[in-house]
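Listed below, chain by chain, are the residues.
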Amino acid sequence: MNILLIDDEPEILKILELYLTKKQHSVKMAENGKRGLQHFFHSPDQVDLVLCDVRMPNTNGIDVLKQIRLSGSQVPFVFMSGHADEEMNVQETGLAFDHFLLKPFNMKRVIELVEAY
Ligand SMILES: [Mg+2]
């Protein structure tokens, strides 16, 4: 599976990349929302799943989801956040997303979730 990871915390990108590549997934990483969108729109057909942080400076996770949905893409989209209350904020946008992963996450659970898509 081709996975796009977007998070402003390098440690999160590193650990997810480590586990996901170990499971033979192909991973593209972006350290902010703007770069994440650039990666996505460069080759939207080559992204099977987006894992995206909610809180990021400038272009946050909600902005990323909004741009992707406005383009007409229905790519599976999973939010990640260290703040449980963000789940309500993202739901209130009315934008379609598939899952909300609370950090710190259990990597086994993350792999199970990814492999369910
Ligand atoms: Mg963040």
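Description of the structure in this document. (Residues numbered from 1 in each chain as written. Predicted model: local features only at pLDDT ≥ 70, side-chain atom pairs only at ≥ 80, totals over all residues.)

**Topic: the nonpolar core**
- Judged by nonpolar contacts, the single largest core of 24 residues is most densely connected at Ile-3, Leu-4, Ile-6, Val-50, Leu-51 and Cys-52.
- Contributing elements (two or more residues each) for this core: strand S1 (2–6), helix H1 (10–22), strand S3 (49–53), helix H3 (61–70) and strand S4 (77–81).
- Contact partners of Cys-52, with chain neighbours within four places excluded, come to Ile-6, Gly-36, Gly-61, Val-64, Phe-77, Phe-79 and Met-80. (Core = buried A, V, L, I, M, F, W, Y, C linked by C-beta atoms within 7 Å. Buried ≥ 20, exposed ≤ 12 C-beta atoms within 10 Å, placed from the backbone. Helix = DSSP H or I, 4+ residues; strand = E, 2+ residues; numbered from the N terminus. Contact = placed C-beta atoms within 7 Å.)

**Section: the sheet that holds strand S2 (residues 26–30)**
- If you trace the 5 strands from one edge of the open sheet to the other, you get S2-S1-S3-S4-S5, paired in parallel fashion. Here the strands that pair on one side only, and so sit at the sheet edges, are S2 and strand S5 (99–102). The sheet shows a mean angle of 20 degrees between the axes of neighbouring strands, direction not considered.
- Pairing geometry for S1 and S3, over 4 bridges, is parallel. Along S3, the bridge assignment pairs Ile-3 with Leu-49.
- Its contacts with the sheet place helix H2 (residues 33–42) against S1, S2 and S3, and it is angled at close to 160 degrees to S1. (Pairing = 2+ DSSP bridges. Axes fitted to C-alpha atoms, helices over the stretch in contact; angles between N-to-C directions.)

**Quick word on H1**
- The first and last C-alpha atoms of H1 sit 18 Å apart over 13 residues, in line with the 18 Å expected at 1.5 Å per residue.
- Turning to H1, its buried residues are Ile-12, Leu-16 and Leu-20. The buried residues of H1 all sit within an arc of 45 degrees when viewed along its axis, so they share a single face. Exposed residues lying more than 90 degrees from the buried face of H1 are Pro-10, Glu-11, Leu-18, Thr-21 and Lys-22.
- Against S1, S2, S3 and helix H5 (107–115) lie the buried residues of H1. (Expected span 1.5 Å × (residues − 1). Arc of directions from axis to C-beta.)

**Describing the environment of Lys-108**
- Tracing the backbone shows Lys-108 in helix H5.
- A count of 9 C-beta atoms within 10 Å places Lys-108 in the exposed class.
- In this structure the C-alpha to C-alpha distance between Lys-108 and Thr-59, which are 49 residues apart in sequence, comes to 29 Å.

**Some thoughts on the pairing of S1**
- Taken across its 5 residues, S1 has 4 buried, putting it largely inside the fold.
- The pairing of S1 with S2 spans 5 bridges and is classified as parallel. When the bridges of S2 are listed, Leu-4 appears paired with Lys-28.
- In terms of handedness, the path from S1 via H1 over to S2 forms a crossover that is right-handed. (Right-handed = clockwise from strand over helix to strand, strands pointing away.)

**Focus on unusual backbone geometry**
- Pro-104 follows Lys-103 through a cis peptide bond whose omega is -5 degrees.
- Relative to the helices and strands, Pro-104 is located in the loop between S5 and H5.
- Its identity as a non-glycine residue notwithstanding, Gln-24 has a phi of 70 degrees, on the positive side.
- Tracing the backbone shows Gln-24 in the loop between H1 and S2.
- Positive phi, close to 60 degrees, is recorded for Asn-58, a residue that is not glycine.
- For Asn-58, the location among the structural elements is in the loop between S3 and H3.

Function cannot be read off these values alone, since they describe shape.
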